[in-house]
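Structure assessment
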Amino acid sequence: MENKTVNVIGAGLAGSEAAYQLAIAGFQVNLYEMRPLVQTGAHTTDYFAELICSNSLGSNLSDRAAGVLKNELRRLRSLLMQVADEFELPAGGALAVDRDLFSEKVTRILSTHPNIKIYREEVKEIPSTPTIIASGPLTSSALSQSI
Ligand SMILES: Cc1cc2nc3c(=O)[nH]c(=O)nc-3n(C[C@H](O)[C@H](O)[C@H](O)COP(=O)(O)OP(=O)(O)OC[C@H]3O[C@@H](n4cnc5c(N)ncnc54)[C@H](O)[C@@H]3O)c2cc1C
């Protein structure tokens with residue numbers, strides 16, 4: 001492949017998984033996360049994959065749509081599912097996790113992966129090189145304008 005570097009904007013839930021999957025597939029990843037320099041109105045830590053509000057990831061039952069999706073993610077070796085299963089808390093048929101242990105471990109794995117370079121900065125414009133935008137519902141206003 002000609003260009004094996006991919007930018008990922010946002011180390012939330014989607015961006016953390018995307019960065020990890022790219023990295024284990026052999027891509028070089030530039031992972032941009034604006035927290036803690038620029039905060040959103042809802043996140044409270046500087047961890048990657050922070051769960052805001054509820055610590056439940058929804059149904060874990062294999063006869064529910066959300067449960068089927070989780071099993072598919074497990075088969076695809078999802079990092080977030082591996083870590084969620086490790087820090088699962090009792091929650092009936094739902095998959096709830098210890099939010100701090102979950103996010104701290106995702107942060108540690110991504111921060112120490114040799115194929116991932118972390119940039120703690122706000123991206124204000126869509127880069128011209130291959131990029132996944134995973135800045136979520138609380139995308140900063142400058143990047144929103146650019147999008
Ligand atoms: C107030 C609120 C409460 C919510 N409560 C729930 C809930 O209880 N349960 C639920 O399932 N969902 C909830 N959601 C939806 C929740 O946001 C999504 O489920 C989930 O976080 C989306 O994941 P994501 O990876 O798309 O975005 P996020 O997890 O938000 O990750 C995006 C990341 O991008 C970073 N970022 C943004 N702009 C830039 C930029 N310009 N440069 C660099 N980094 C940037 C952010 O700091 C963030 O870390 C809530 C949303 C809001 C706004």
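The text that follows walks through the structure, step by step, so that each part is easy to find.

Rules used in this analysis
Residues numbered from 1 in each chain as written. Predicted model: local features only at pLDDT ≥ 70, side-chain atom pairs only at ≥ 80, totals over all residues. Axes fitted to C-alpha atoms, helices over the stretch in contact; angles between N-to-C directions. Helix = DSSP H or I, 4+ residues; strand = E, 2+ residues; numbered from the N terminus. Parallel < 35°, antiparallel > 145°, perpendicular 65-115°, else oblique. Left-handed = near helix turned anticlockwise from the far one by under 90°. Contact = placed C-beta atoms within 7 Å. Nonpolar A, V, L, I, M, F, W, Y, C, P; charged D, E, K, R; others polar. Pairing = 2+ DSSP bridges. Near = placed C-beta within 6 Å. Core = buried A, V, L, I, M, F, W, Y, C linked by C-beta atoms within 7 Å. Buried ≥ 20, exposed ≤ 12 C-beta atoms within 10 Å, placed from the backbone. Expected span 1.5 Å × (residues − 1).

Another aspect to go through is the packing of helix α3 (residues 79-86) against helix α4 (residues 99-111). Where α3 contacts α4, the two axes come as close as 9 Å, and the packing angle between them is 140°. In terms of axis orientation, α3 runs oblique to α4. Crossing handedness for the pair α3 and α4: right-handed. Residues L79, L80, V83 and A84 of α3 touch α4, and the partners they reach there are F102, K105, V106 and I109. Considered class by class, the residues forming the contact of α3 with α4 number seven nonpolar, no polar and one charged.

Another aspect to go through is the sheet that holds strand β6 (residues 116-119). Strand order in the open sheet formed by four strands is β6-β2-β1-β7, with parallel pairing between adjacent strands. The open sheet has two free edges, formed respectively by β6 and β7 (131-133), since each of these has just one partner strand. Each strand axis lies, on average, 20° off the axis of its neighbour in the sheet, ignoring direction.

This paragraph deals with the sheet that holds strand β5 (residues 94-97). Taken in spatial order, the three strands of this open sheet run β3-β5-β4, and their pairing is antiparallel. At either end of the open sheet lies a strand with only one pairing partner, and these are β3 (56-59) and β4 (88-89).

To continue, consider the site of the ligand. Around the ligand sit 27 residues in total, of which G10, G12, C53, S54 and G136 are the nearest. Ranked by residues supplied to the shell around the ligand, first place goes to helix α1 (residues 13-24) with three residues.

If you look at the biggest cluster of nonpolar residues, it comprises 30 residues, and the most contacted ones within it are V8, A19, V29, L31 and L110. Of all elements in the fold, only β1 (5-9), α1, β2 (28-32), α3, β5 and α4 reach the threshold of two or more residues within this core. Take this core: its biggest share by element is five residues, from α1.

What follows covers the environment of S128. Tracing the sequence through the fold places S128 in the loop between β6 and β7. Each C-alpha atom, one on S128 and one on S111, is 24 Å from the other, the two residues being 17 residues apart in sequence.

On to the environment of V6, then. Looking at where V6 falls in the secondary structure, it is placed in strand β1. C-alpha separation for the pair V6 and P130, spaced 124 residues apart in sequence, amounts to 5.2 Å. V6 has contacts with L22, F27, V29, P130, T131 and I132, leaving out every residue within four places of it along the chain.

Turning to α4, a few remarks are in order. Between its first and last C-alpha, α4 extends 18 Å over 13 residues, near the 18 Å set by a 1.5 Å rise per residue. Contacts from the buried residues of α4 go to α1, β2, α3, β5 and β6.

Note that the residue after R35, namely P36, is joined by a cis bond; omega there is 5°. Residue position: P36 is located in the loop between β2 and β3. Residues other than glycine seldom take positive phi values, yet A49 does so here, at roughly 50°. The backbone of R77 shows a phi angle near 60°, a positive value even though the residue is not glycine. Among the structural elements, R77 can be located in the loop between α2 (65-75) and α3.

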